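# Commentary on secondary and tertiary structure
Each chain, written out:
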Amino acid sequence: MKAKNRIIAINGESWCHNLTGIERLAVEVTEALDELVQPGQVELVVPSNAKNVPALKNIKVIHIEYEAASFPKWTQFVFQKYVITHHAVSLDYSNTCPVFVPGIEFLHDIYCKLYPQDFTSARDKLVRLYSNFMYRTIAKHARRIITVSEYTKKTIVDTYHISPNRVSVVYSGVGQYRNIPADTAVFERLPLLKDRQFYFTLGSLSTRKNLKWIADHAELYPQEVFAVSGKALMNVVPPELEKLKRLPNVIMTGYLSDSEVKALLASCRAFVFPSYFEGYGLPPLEALSCGAPVIISNRTSLPEIYGKCAHYIDPDKPDVSLDLLLTELVESPEKLLKKYTLENTAKRLYDILKEIGNTEK
C-alpha cells in the first residue's frame, strides 16, 4: 500500500490552563513548530474554553464546542474521537494520551510511580492511579515516547522494561524571558523586597519542589530573605506551606506575571531550586537567561541539564551557607542557553513528527 502522510493532531487542552511548566512548553513549542511545518501536516485541536490561541500560519486550528473542564473527559472522549474519526496521529504534551489511539506522547517524568508516598489524600490517590495508568499506556503503546532528559528516559525504560529505541529525548528550551520587559512595579506591591538582597524561588507549590528545604533553611538563617512564588496545586500540597507563611523572612508573592518574574530574577541574589525530583527543571534555565545565579538540587535530572553552570545543594541538608556557596566558580551559561532553545526543541520534535506521520494509512 502506498504510504501517505498522516495529520498530526495536537491536544489543545494546555491552552485552557495557566502557563505553568508543561503548559508553557506546549504553547511556546507549538508556536515555534508553526515556523517549520508545512500546511496540512499538523493541526491544533482546542476546546471552546481555550485561552489566547495564537494566529498560526501553517498549523490549522480546529475549534471544538466542548469545554475541557472535567478531567479527563476532553482527552479520553472528545479529543480521542477526533483523532479516530480523522485517522490522525495524536500529539500530547502533558503525560496523557487518548487511551485507544496513543500516538506521539510526551512523558516528562513518572513522578507518581516513583514517589507514591507523596500522594496521601483520597484525591491524591486518584490522581496517582490515573497518572500511573497513563504512564503505562504511553510506555507500552505509544508510537513514540518523548521525554525531556536522559535521566527520565532511563527511568521509563527501566520501570516499564521497554526498548530505549522507543523513547526520544527532546530537551526543553528557554522561551521569551530575555525579551520581555521587567515590571518593577512588583516591588511596590511587595515592599519588603525593595532595595534588599533576597533569594527567589519559583514553581508549583507541590511536594516535590521541596519547600521543606526553603522553610528549614530560612528558619536557620533568619537574616536571609526568600521570595516564594507559585500556585498551590489541588494535590500533593506540602505541609511546609503553612510554616513558610509564618516565617517573617519569607515573602509569599502569589502568582506573578512573566514581567514581574523577570523583575525579581533580575534583582535577586540567586534563584533557588531545591527540588528532590525533576524530569527536567526549566525554571533555573529561565533564571540563567535573566542573569541570575542558580542554586539547585544535586538530584535526578538537574546535574545532567545544568552541568558546571550551577551551584549545587543536597535537598536533604538545609544547613548550608549560601554566601559561601555563591563564592564557588561556575561556568558561563551561554553555551547552555544556546543549546536549550525553543528553536532546537521544535526542530527535534519536527523530525520526529515527520518520521511518525509518514506511515501507511
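Residues numbered from 1 in each chain as written. Predicted model: local features only at pLDDT ≥ 70, side-chain atom pairs only at ≥ 80, totals over all residues. Heavy atoms only, no water.

### Some words on the packing of aromatic side chains
Pairs of aromatic rings are described using the distance from one ring centre to the other and the angle between the two planes. Inspection of the entire model under this criterion finds 14 aromatic pairs. Aromatic pair Y171 and Y340: ring centres 5.3 Å apart, planes at 65 degrees, arrangement edge-to-face. Of the two residues, Y171 is situated in the loop between β8 (167-169) and α6 (186-189) and Y340 in the loop between α13 (334-339) and α14 (342-357); the sequence distance between them amounts to 169 residues. Judged by relative accessible area, which is 2%, Y340 ranks as buried. Ring-pair connections join several aromatic residues into one group, and the members of that group are Y111, Y115, F119, Y151, Y276 and F277. Lying across the ring of Y111, R208 places its NZ or CZ 4.4 Å from the centre. One residue, K339, lies across the ring of Y171, its end atom 5.1 Å from the ring centre. (Phe/Tyr/Trp six-rings, centres within 6.5 Å; stacked < 30°, edge-to-face > 60°. Helix = DSSP H or I, 4+ residues; strand = E, 2+ residues; numbered from the N terminus. Buried < 20%, exposed > 50% of the residue type's maximum accessible area, 1.4 Å probe, protein only. Lys NZ or Arg CZ within 6 Å of the ring centre and 35° of its normal.)

### Side note on the layout of surface pockets
What the second largest pocket holds in volume is close to 300 Å³. Around the second largest pocket, the lining is made up of 14 residues, and of these V174, G175, Q176, N179 and L342 lie nearest the centre. The element that contributes the greatest number of residues to the lining of the second largest pocket is helix α1 (residues 21-33), accounting for four residues. Class assignment for the residues of the lining of the second largest pocket results in five nonpolar, four polar and five charged. (1 Å grid on protein atoms, 1.4 Å probe; cavity = no way out; pocket = protein on both sides within 12 Å on 5 of 7 lines; lining within 4 Å. Points joined across faces, edges and corners; volume = space filled by probe spheres on them. Nonpolar A, V, L, I, M, F, W, Y, C, P; charged D, E, K, R; others polar.)

### Describing the sheet that holds strand β7 (residues 144-147)
The parallel open sheet is built from seven strands, whose spatial order is β4-β3-β2-β5-β6-β7-β8. Whereas interior strands pair on both sides, the edge strands pair on one side only; in this sheet they are β4 (60-63) and β8. Between one strand axis and the next, the sheet turns through 25 degrees on average, direction left out of account. Here strand β3 (residues 42-46) pairs with β4 via four bridges, running parallel. Bridge pairing in β4 links E43 to K60. Lying over the sheet, helix α2 (residues 73-85) contacts β2 (8-11), β3, β4 and β5 (89-92), oriented at roughly 160 degrees with respect to β2. (Pairing = 2+ DSSP bridges. Axes fitted to C-alpha atoms, helices over the stretch in contact; angles between N-to-C directions. Contact = heavy atoms within 4.5 Å.)

### Digging into helix α5 (residues 150-160)
Residues T152, K153, T155, I156, V157 and Y160 constitute the buried set of α5. Among the structural elements, α3 (111-114), α4 (122-141), β7 and β8 are those in contact with the buried residues of α5. Within two residues after α5, H161 carries a phi angle of roughly 55 degrees, on the positive side.

### Quick notes on the nonpolar core
In terms of nonpolar packing, the biggest core is built from 40 residues, with V45, L91, Y93, I104, L349 and L353 touching the most fellow members. Listing elements by their share of this core, those giving two or more residues are β2, α1, β3, α2, β5, β6 (104-106) and α14. Take this core: its biggest share by element is six residues, from α14. Residues contacting I104, with those up to four places away along its chain left out, are I8, V89, S90, L91, D92, R144, I146, I352, L353 and I356. (Core = buried A, V, L, I, M, F, W, Y, C linked by side-chain atoms within 4.5 Å.)

### Re the sheet that holds strand β13 (residues 294-297)
To summarise the sheet geometry, strands pair through backbone hydrogen bonds and adopt either a parallel or an antiparallel arrangement. Within the open sheet, the six strands sit side by side as β11-β10-β9-β12-β13-β14. Their pairing is parallel. If you trace the sheet from one side to the other, it starts and ends with β11 (250-254) and β14 (311-313), each paired once. Taken pair by pair, the neighbouring strands of this sheet meet at an average axis angle of 25 degrees, ignoring direction. In terms of strand pairing, strand β12 (residues 270-273) meets β13 through three bridges, oriented parallel.

### Some details on unusual backbone geometry
Residue H87 is not a glycine yet carries a positive backbone phi of 50 degrees. Checked against the element boundaries, H87 lands in the loop between α2 and β5. You can call H87 partly exposed: its relative accessible area is 36%. In this model, N95 sits at a positive phi of 65 degrees, which is unusual for a non-glycine residue. Relative to the elements of secondary structure, N95 occurs in the loop between β5 and β6. For N95, a relative accessible area of 13% translates into the label buried.

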